[in-house]
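As a plain string of letters, each chain reads:
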Amino acid sequence: MNTLINAQPLQLALAQLRQGGVIGYATEAVFGVGCDPDNGDAVQRLLNIKQRPMDKGLVLVAADMSQLLPYLDLSALPQGRLAVILESWPGPNTWIIPAKPEVPSWLKGRFNSLAVRVSAHSQVHDLCLGFNKPLVSSSANKSGEPPARSVSELEQAMGRELDYILPGQTGGLANPSLIRDGITGAVLRPA
């Protein structure tokens, strides 16, 4: 008997993540696709769905900073920078922070750093909290195409390739998150 028949949407999404699935979900500005960052097969599948090369690296999104600690080398940040980063969260602020050496290349790509964010979107927060760790989070689109901004756009663009789409709405922001360099503070992508 399938115990997930009467499960709530969040529980269905979490079950797919635990089984190595790739899911779609709403974020602050666009829909995202995500998976378990520690499951190389799931990450490769996400990259294949997006038609994105591994060397570009990926974003990890979390419910809070503690979920990101296993992946980051905070000792490499200049004095005072961590306080600036923490003041920007939760919110649509992605920071590029040096990664611990053991972080797999499927997350870092060709870099020695990771792009990370603590989301203010309640659905992302609840997903990460329920999963008890961060998610790979990438915009829900094939490389070079505009990202989905609704469930229907996501279903049309890549619905057959995803294991589950969590119903929800974006946070209404016009642009994806601001990206800043954690060492220099420089803006790498404006919001």
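So, how was this worked out
- Residues numbered from 1 in each chain as written.
- Predicted model: local features only at pLDDT ≥ 70, side-chain atom pairs only at ≥ 80, totals over all residues.
- Heavy atoms only, no water.
- Helix = DSSP H or I, 4+ residues; strand = E, 2+ residues; numbered from the N terminus.
- Rg over C-alpha atoms; globule rule 2.2 N^0.38 Å.
- Buried < 20%, exposed > 50% of the residue type's maximum accessible area, 1.4 Å probe, protein only.
- Contact = heavy atoms within 4.5 Å.
- Areas by Shrake-Rupley, 256 points an atom, 1.4 Å probe, with all protein chains shown as cover.
- Lys, Arg positive; Asp, Glu negative; His and termini not counted.
- Charge placed at Lys NZ, Arg CZ, Asp CG, Glu CD.
- Salt bridge = Lys/Arg side-chain N within 4 Å of Asp/Glu carboxyl O.
- Core = buried A, V, L, I, M, F, W, Y, C linked by side-chain atoms within 4.5 Å.
- Pairing = 2+ DSSP bridges.
- Axes fitted to C-alpha atoms, helices over the stretch in contact; angles between N-to-C directions.

Draft legend 1. View of the overall build of the protein. On a plain count of helices and strands, the protein comes out with 6 helices and 9 strands. In terms of overall size, the protein behaves like a compact globule, its C-alpha atoms giving a radius of gyration of 16 Å where 191 residues would be expected to give roughly 16 Å. Expressed as lengths along the three principal axes of its C-alpha atoms, the size of the protein is roughly 55 × 35 × 30 Å. Counting the 191 residues in the protein, one finds 48% classified as buried. Here the contacts in the protein between residues at least 6 apart in sequence split such that 68% fall between residues at least 24 apart. Accessible area for the protein stands at about 9100 Å²; split by element, carbon and sulfur atoms hold 51% of it. Here the protein carries 16 positive and 16 negative side-chain charges, and the mean point of each set is 4 Å from the other.

Draft legend 2. Expanded view of the side chain of Asn 141. Structurally, Asn 141 is set in the loop between strand 6 (135-139) and helix 6 (151-158). Of the residues examined, Asn 141 reaches a relative accessible area of 8% and is grouped as buried. Not counting residues within four places of it along the chain, the set of residues in contact with Asn 141 comprises Lys 50, Pro 146, Pro 147 and Met 158.

Draft legend 3. A look at the pattern of salt bridges. According to the stated counting rule, one finds 6 salt bridges in the structure shown. Across the pair Asp 55 and Arg 110 runs a salt bridge whose closest N-O atoms are separated by 3.5 Å. Of this pair, Asp 55 sits in the loop between helix 2 (40-50) and strand 3 (59-62) while Arg 110 sits in the loop between helix 4 (105-108) and strand 5 (113-118); the two residues are 55 residues apart in sequence, bridging distant segments of the chain. The class for Arg 110 is exposed, based on a relative accessible area of 55%. Lys 142 is the salt-bridge partner of Glu 161, the closest N and O atoms lying 2.6 Å from each other. With Glu 161 in the loop between helix 6 and strand 7 (164-165) and Lys 142 in the loop between strand 6 and helix 6, this residue pair connects regions lying 19 residues apart in the sequence. For Glu 161, a relative accessible area of 32% translates into the label partly exposed.

Draft legend 4. Quick peek at the nonpolar core. Formed by 35 residues in total, the largest nonpolar core has its most connected members in Leu 68 and Leu 114. Counting residues per element, the ones that place at least two in this core are strand 2 (31-35), helix 2, strand 3, strand 4 (93-98), strand 5 and helix 6. If you tally residues by element for this core, the top one is helix 2, at 5 residues. Ala 13, Val 61, Ala 63 and Leu 135 belong to the second-largest nonpolar core, a separate cluster that totals 14 residues.

Draft legend 5. A look at the side chain of Asn 93. Locating Asn 93 in the fold gives a position in strand 4. Classification of Asn 93 by relative accessible area gives buried; the value is 18%. If sequence neighbours within four positions are ignored, Asn 93 has contacts with Ser 88, Val 116, Arg 117, Ser 177 and Leu 178.

Draft legend 6. Structural context of the sheet that holds strand 5. With respect to topology, 9 strands assemble into an open sheet ordered 7-1-2-6-3-5-4-8-9, the strand pairing being mixed. Bordering the open sheet on either side are strand 7 and strand 9 (187-189), each of which pairs with just one other strand. In this structure, strand 3 lies alongside strand 6, joined through 3 bridges in antiparallel fashion. Pairing of Val 59 across the sheet is with Ser 137, part of strand 6. Sheet contacts for helix 5 (residues 122-131): strand 1 (23-26), strand 3 and strand 6; angle to strand 1, the most-contacted strand, approximately 135°.

Draft legend 7. Geometry of the environment of Gln 51. Here Gln 51 lies in the loop between helix 2 and strand 3. A residue is classified by how much of its surface remains accessible, and Gln 51, at 53% relative accessible area, is exposed. Gln 51 sits 110 residues away from Glu 161 along the chain, and the two C-alpha atoms are 12 Å apart. With residues near it in sequence (within four places) discarded, Gln 51 still touches Lys 142 and Ser 143.

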